[in-house]
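Breakdown of the fold
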There are 2 protein chains.
Amino acid sequence: MDKVRIGVVGIGNMGSAHAKYLAAGDVPNAELTAVCDINPKRLEWARDNLGEHIKLFENAEAMFESKAVDAVIIATPHYDHPPLAISAFKRGLHVLIEKPAGVYTKQVREMNEVAEKSGKVFGIMYNQRTNPVYQKLRDLVKSGELGEIKRINWIITNWYRSQSYYDSGGWRATWAGEGGGVLINQCPHNLDLWQWICGMPRRVRAFCHYGKYHDIEVEDDVTAYMEYENGATGVFITTTGEAPGTNRFEIAGDRGKIVVEEGKLTFWRLRVSERQFNREYKGGFGSPECWKCEIPVHGVETAHRGITTNWVNAILKGTPLLAPGVEGIYGLTISNAMHLSSWLDDWVEIPFDEDLFYQKLKERIDSSKFKKDKKEDKILDVEGTY
Amino acid sequence: MDKVRIGVVGIGNMGSAHAKYLAAGDVPNAELTAVCDINPKRLEWARDNLGEHIKLFENAEAMFESKAVDAVIIATPHYDHPPLAISAFKRGLHVLIEKPAGVYTKQVREMNEVAEKSGKVFGIMYNQRTNPVYQKLRDLVKSGELGEIKRINWIITNWYRSQSYYDSGGWRATWAGEGGGVLINQCPHNLDLWQWICGMPRRVRAFCHYGKYHDIEVEDDVTAYMEYENGATGVFITTTGEAPGTNRFEIAGDRGKIVVEEGKLTFWRLRVSERQFNREYKGGFGSPECWKCEIPVHGVETAHRGITTNWVNAILKGTPLLAPGVEGIYGLTISNAMHLSSWLDDWVEIPFDEDLFYQKLKERIDSSKFKKDKKEDKILDVEGTY
């Protein structure tokens, strides 16, 4: 194969963006050959905007079986990512899914197992991993420059959404349509970066507020406290109800602290590690010598195109994936643990009881104000307007 | 009376500082006439440094009865503030206590009752209330410029202390000697400013770590989550184990957000309130227009001298107190609630069960490694080396 033929499932907000840059030839060695949507208006849009040679499908299964595609990008509502990916893998297709990997880890775990058995290339659209600032932050942590992590703090409250945003789709911000609020819709990138840079916490105690700032049934305000195996603590704060909000990511370690804010990375670096200073210092109120370092950040955030290009190169040349699809479960695990902790009003250890999570989610789905159909599995249908 | 004759009880670190600026005449219409300490070496220091006319006492009661003072500053270890203040009020003296007001609210409540009955002027050394930055922040909140509070976040982790600091006094960082760690020793100012600016939370869920970064029995790392009656949330993070640490106080409200960091106050002000925008906006991803405003801060932080001067003026001229002693209970209530929440591993509603708090504290005092004497009330003695 010298060119990957790509189909896009779901050409709503995100899917149409992927289709457009593929149709424009922005991704080398990739060709958009098909799109799929259950909404006829979206297919009309595709015919008018993507070119007449693009095959149009009303149904994902038909596209998967059409022999018109080698690989698919799945950009449907969240619940449908795992079943569609599983179906595509079973037909021998490579898969790139939009975030989040799914709504509950149980279905994502099943998807990961099928993906691994398939031997196909499985990516996830964690485009924030292409942001040079977060790559640099990860470098400073993983290389040991910061020393062992002591404390993590991410105030990521600049996800402002008005009531009219939520009113724009009946499935939005419902348990049955999305399976959550700010955690599942806005924060998957942040929770992925959190674990990509700092690793997975051991336990979580979260405080979610449901419909606090909007007329919605899911959470729009979250404060979560986390603990790590080494004793490090973390606080993650998010909301869609605050303007202008804040995006400040701070990590304190044995060698100082790093703050990422307004696109800048600053490292307050200790000349000797705090633990060493603590052992050796003999005075009263002293503290380790500290240098304020402005860390250069080079490179360009290649964003969605970058992730798609990397995935295409992985298919054609075996290039390592920047965002392997199987890693989608990590951020979702933190997200699910936060929901579960709030529902139980208690600690949640990781790994948590996935059946209990699903049961508690199901209770909310069953009483959700968004009901496309009485049959539960209908919510897994491709919806296509996202 | 045209001049207030002041005695200082406890001339350790803080008490000697108060004695020195009083002896130097830095506080108008006040005169240092006596000091008291149980440590003979401190009295020798006083004789050599404060002038021969200063009366020296080994015992606070003797000073209170000496007729040599109209008013006293109490700068002993924390446990002793309430019993000494009560004794002074009963002898008709005006009182200014060092922070914290005490170690547990039960004893502080008793002190406040005696103070109010006495009719004497009762102040507390909340010198951070003289900081123009916090005065301005309070002004913006109380005047309604920020709108209703939504979220409070104070990362105050720049209280670094080494093991050698803790080793410098056997009573330091012990349940019997201090009654707590970073919350009771370093944070009383922060917790007072928190409630002075934002009011009292309704409930608290705190996560304290004991001896995490030091060989001590009390907490040196705290993350606390709070909820307010109006739905506002708060996070307070502190530690003595981090260098260089952070001091960043953020308050988000309906009209934007304010951040105090590095002595600067910045107000991101919304042109219309978020609640109004949320109701009226009809588009998709919009958010309210926001202006970044650098708020001028005038005035000088008059610090300890400022509080003492204000208290002297209250005695002589009826000037309103900037930091009334009876308000010491508020910050301590938050501090006690944080401890209790951590001990119970559960929510603590405010007001909490003060007897339960004292019982849990007493269990820790009884097993404390610092034991001056087997008799419980011995811990209430003046120690004089603080």
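What you see is a predicted model, and the numbers here were worked out from it, not measured in a lab. (Residues numbered from 1 in each chain as written. Chains lettered and ligands numbered in written order. Predicted model: local features only at pLDDT ≥ 70, side-chain atom pairs only at ≥ 80, totals over all residues. Heavy atoms only, no water.)

Some remarks on the relation of the copies chain B and chain A
Laying chain B over chain A is done by rotating through 180° and shifting 0.0 Å along the axis; what remains is an RMSD of 0.0 Å. On this basis, the relationship between the two copies can be described by a two-fold rotation axis. A share of 100% of interface residues in chain B that are also interface residues in chain A marks the association as one of identical surfaces. (Least-squares fit on C-alpha atoms with pLDDT ≥ 70 in both. Contact = heavy atoms within 4.5 Å.)

Quick notes on the sheet that holds strand S1 (residues 4-9) of chain A
Residue and element names in this part refer to chain A. Spatial strand order, S3-S2-S1-S4-S5-S6: six strands in an open sheet with parallel pairing. With one partner strand each, in any of the chains shown, strand S3 (55-57) and strand S6 (122-124) form the two edges of the open sheet. Strand after strand, the sheet turns through a mean of 25° between neighbouring axes, direction not considered. The pairing of S1 with strand S2 (residues 30-36) spans six bridges and is classified as parallel. Considered in S2, the bridge of Val9 is made with Cys36. (Pairing = 2+ DSSP bridges. Helix = DSSP H or I, 4+ residues; strand = E, 2+ residues; numbered from the N terminus. Axes fitted to C-alpha atoms, helices over the stretch in contact; angles between N-to-C directions.)

Regarding the interface of chain B and chain A
Contacts between chain B and chain A engage 56 residues on the former and 56 residues on the latter. Of the roughly 4,400 Å² buried between chain B and chain A on both sides combined, carbon and sulfur atoms contribute 52%. At the surface where chain B touches chain A, the tally comes to four salt bridges. Counting the contacts that link chain B with chain A gives 28 residue pairs in polar contact (both at pLDDT 80 or more). (Buried area = accessible area lost by both parts, 1.4 Å probe. Salt bridge = Lys/Arg side-chain N within 4 Å of Asp/Glu carboxyl O. Polar contact = N/O pair within 3.5 Å; in protein donor to acceptor, adjacent residues only side chain to side chain.)

Observations regarding the state of the cysteines
Residues and elements named next belong to chain B. Tallying each qualifying case throughout the model produces zero disulfides over all chains. With no disulfide of its own, Cys290 lies closest to Cys293 among cysteine sulfurs, the gap being 7.7 Å. Residue class for Cys290 comes out partly exposed when judged on its relative accessible area of 31%. (Disulfide = S-S within 2.5 Å. Buried < 20%, exposed > 50% of the residue type's maximum accessible area, 1.4 Å probe, protein only.)

A few points about the side chain of Glu98(A)
All names here are of chain A. Structurally, Glu98 can be placed in the loop between strand S5 (94-97) and helix H5 (105-118). In this structure, Glu98 is buried with no salt-bridge partner, the nearest side chain bearing the opposite charge being Lys99 at 5.4 Å. Among all residues touching Glu98, those that are not within four sequence positions of it are Met14, His18, Ile74, Ala75, His81, Ile124, Met125 and His304. (Lys, Arg positive; Asp, Glu negative; His and termini not counted.)

Describing the packing of aromatic side chains
Between two aromatic rings, the relevant description is the distance of the centres plus the angle of the planes. As enumerated under the stated definition, the model contains 36 aromatic pairs over all chains in all. With a centroid separation of 6.0 Å and an interplanar angle of 55°, the aromatic rings of Tyr160(A) and Phe277(B) are classed as tilted. With Tyr160(A) in the loop between strand S7 (149-156) and helix H7 (163-167) and Phe277(B) in helix H9 (residues 274-280), the pair connects residues from two separate chains. This pair shows no difference in class: Tyr160(A) is buried, exactly as Phe277(B) is. When the ring centre of Trp45(A) is taken as reference, the NZ or CZ atom of Arg42(A) above it lies at 4.7 Å. The ring of Tyr213(B) has Lys150(A) sitting right over it, with the charged end atom 4.9 Å from the ring centre. (Phe/Tyr/Trp six-rings, centres within 6.5 Å; stacked < 30°, edge-to-face > 60°. Lys NZ or Arg CZ within 6 Å of the ring centre and 35° of its normal.)

Remarks on the UniProt feature "domain: GFO/IDH/MocA-like oxidoreductase" (unreviewed entry) in chain A
Using the residue numbers shown here, the UniProt feature "domain: GFO/IDH/MocA-like oxidoreductase" (unreviewed entry) corresponds to residues 134-258 of chain A. Between the end C-alpha atoms of residues 134-258 of chain A the distance is 11 Å, and the span holds 20% helix and 34% strand. (UniProt positions renumbered as here; feature names shortened; annotations may be inferred.)

Some words on the sheet that holds strand S1 (residues 4-9) of chain B
To summarise the sheet geometry, strands pair through backbone hydrogen bonds and adopt either a parallel or an antiparallel arrangement. All names here are of chain B. Taken in spatial order, the six strands line up as S3-S2-S1-S4-S5-S6 in an open sheet, and their pairing is parallel. Of all the strands in the sheet, just strand S3 (55-57) and strand S6 (122-124) have a single pairing partner and so form its edges. Strand-to-strand twist in this sheet, taken as the mean axis angle between neighbours without regard to direction, amounts to 25°. Of the pairings in the sheet, the one linking strand S2 (residues 30-36) to S3 comprises three bridges and is parallel in character. Opposite Cys36, over in S3, you have Phe57 as the bridge partner. Each of S2 and S3 touches helix H2 (residues 40-50); the most contacted strand, S2, lies at about 155° to it.

Regarding the pairing of S5(A)
Residue and element names in this part refer to chain A. In S5, alternate side chains face the same way, and those of His94 and Leu96 on one face and Val95 and Ile97 on the other are all buried. For strand S4 (residues 71-74) and S5, the ladder comprises four bridges, and the chain directions are parallel. The residue of S5 that forms the bridge with Ile73 is Leu96. As for the winding sense of the linkage, the β-α-β connection from S4 through helix H4 (residues 81-90) to S5 is right-handed. As judged from the three bridges shared by S5 and S6, these two strands associate in the parallel manner. Paired with Leu96 across the bridge in S6 is Gly123. (Right-handed = clockwise from strand over helix to strand, strands pointing away.)

Some remarks on helix H5 (residues 105-118) of chain B
All names here are of chain B. An ideal rise of 1.5 Å per residue puts 20 Å on 14 residues; H5 measures up with 20 Å between its terminal C-alpha atoms. For H5, every residue scored as buried is listed here: Thr105, Gln107, Val108, Met111, Asn112, Val114 and Ala115. Two residues or fewer after H5 comes Gly119, characterised by a positive phi angle close to 75°. (Expected span 1.5 Å × (residues − 1).)

Brief notes about the environment of Ile258(B)
Residues and elements named next belong to chain B. As for its position among the elements, Ile258 is in strand S12 (residues 256-261). On a C-alpha basis, the gap between Ile258 and Thr233 in space is 15 Å, while along the polypeptide they are 25 residues apart. Residues in contact with Ile258, not counting those within four places in the same chain, are Leu137, Leu140, Leu146, Phe249, Glu250, Ile251, Leu265, Thr266 and Phe267.

Focus on the packing of helix H8 (residues 188-198) of chain A against helix H11 (residues 328-344) of chain A
Residues and elements named next belong to chain A. At a closest axis distance of 8 Å, the pairing of H8 and H11 adopts a crossing angle of 115°. By the angle class used here, H8 and H11 are roughly perpendicular. The chirality of how H8 crosses H11 is right-handed. Where H8 approaches H11, its residues Leu191, Asp192, Trp194 and Gln195 are matched on the opposing element by Tyr330, Gly331, Ile334, Ser335 and Met338. Looking at the contact of H8 with H11 residue by residue, the class counts come to five nonpolar, three polar and one charged. (Parallel < 35°, antiparallel > 145°, perpendicular 65-115°, else oblique. Left-handed = near helix turned anticlockwise from the far one by under 90°. Nonpolar A, V, L, I, M, F, W, Y, C, P; charged D, E, K, R; others polar.)

Quick notes on the packing of helix H6 (residues 132-142) of chain A against H8(A)
All names here are of chain A. Put simply, H6 and H8 touch, their axes get as near as 8 Å, and they point 30° apart. Taken together, the axes of H6 and H8 lie roughly parallel to each other. Mapping the contact onto sequence places Tyr134, Gln135, Leu137, Arg138, Val141 and Lys142 in H6 and Leu193, Trp196 and Ile197 in H8. Here the contact of H6 with H8 is composed, by residue class, of six nonpolar, one polar and two charged.

Points about the environment of Leu316(A)
All names here are of chain A. For Leu316, the location among the structural elements is in helix H10 (residues 303-317). The class of Leu316 is partly exposed, set by a relative accessible area of 22%. Once the C-alpha coordinates of Leu316 and Met1 are considered, the two residues, 315 residues apart in sequence, prove to be 7.0 Å apart. The residues touching Leu316, leaving out its near neighbours within four places in the chain, are Met1, Asp2, Lys3, Val4 and Asn29.

Some points on the pattern of salt bridges
Taken as a whole and judged by the stated rule, the model has 50 salt bridges over all chains. Linking Arg129(A) and Asp192(A) is a salt bridge whose minimum nitrogen-to-oxygen distance equals 2.8 Å. Taken as a pair, Arg129(A) in the loop between S6 and H6 and Asp192(A) in helix H8 lie far apart in primary sequence, 63 residues in all. Of the residues examined, Arg129(A) reaches a relative accessible area of 1% and is grouped as buried. Residue Asp192(A) is classed as buried on the basis of its relative accessible area, which comes to 1%. The residue Glu242(A) makes a salt bridge to Arg151(B) at a minimum N-O spacing of 2.7 Å. With Glu242(A) in the loop between strand S10 (233-239) and strand S11 (247-253) and Arg151(B) in strand S7 (residues 149-156), the pair connects residues from two separate chains. The exposure class assigned to Glu242(A) is buried, which follows from its relative accessible area of 3%. Linked through salt bridges whose partners overlap, the residues forming this network are Arg151(A), Glu242(A), Arg248(A), Glu250(A), Glu261(A), Arg151(B), Glu242(B), Arg248(B), Glu250(B) and Glu261(B).

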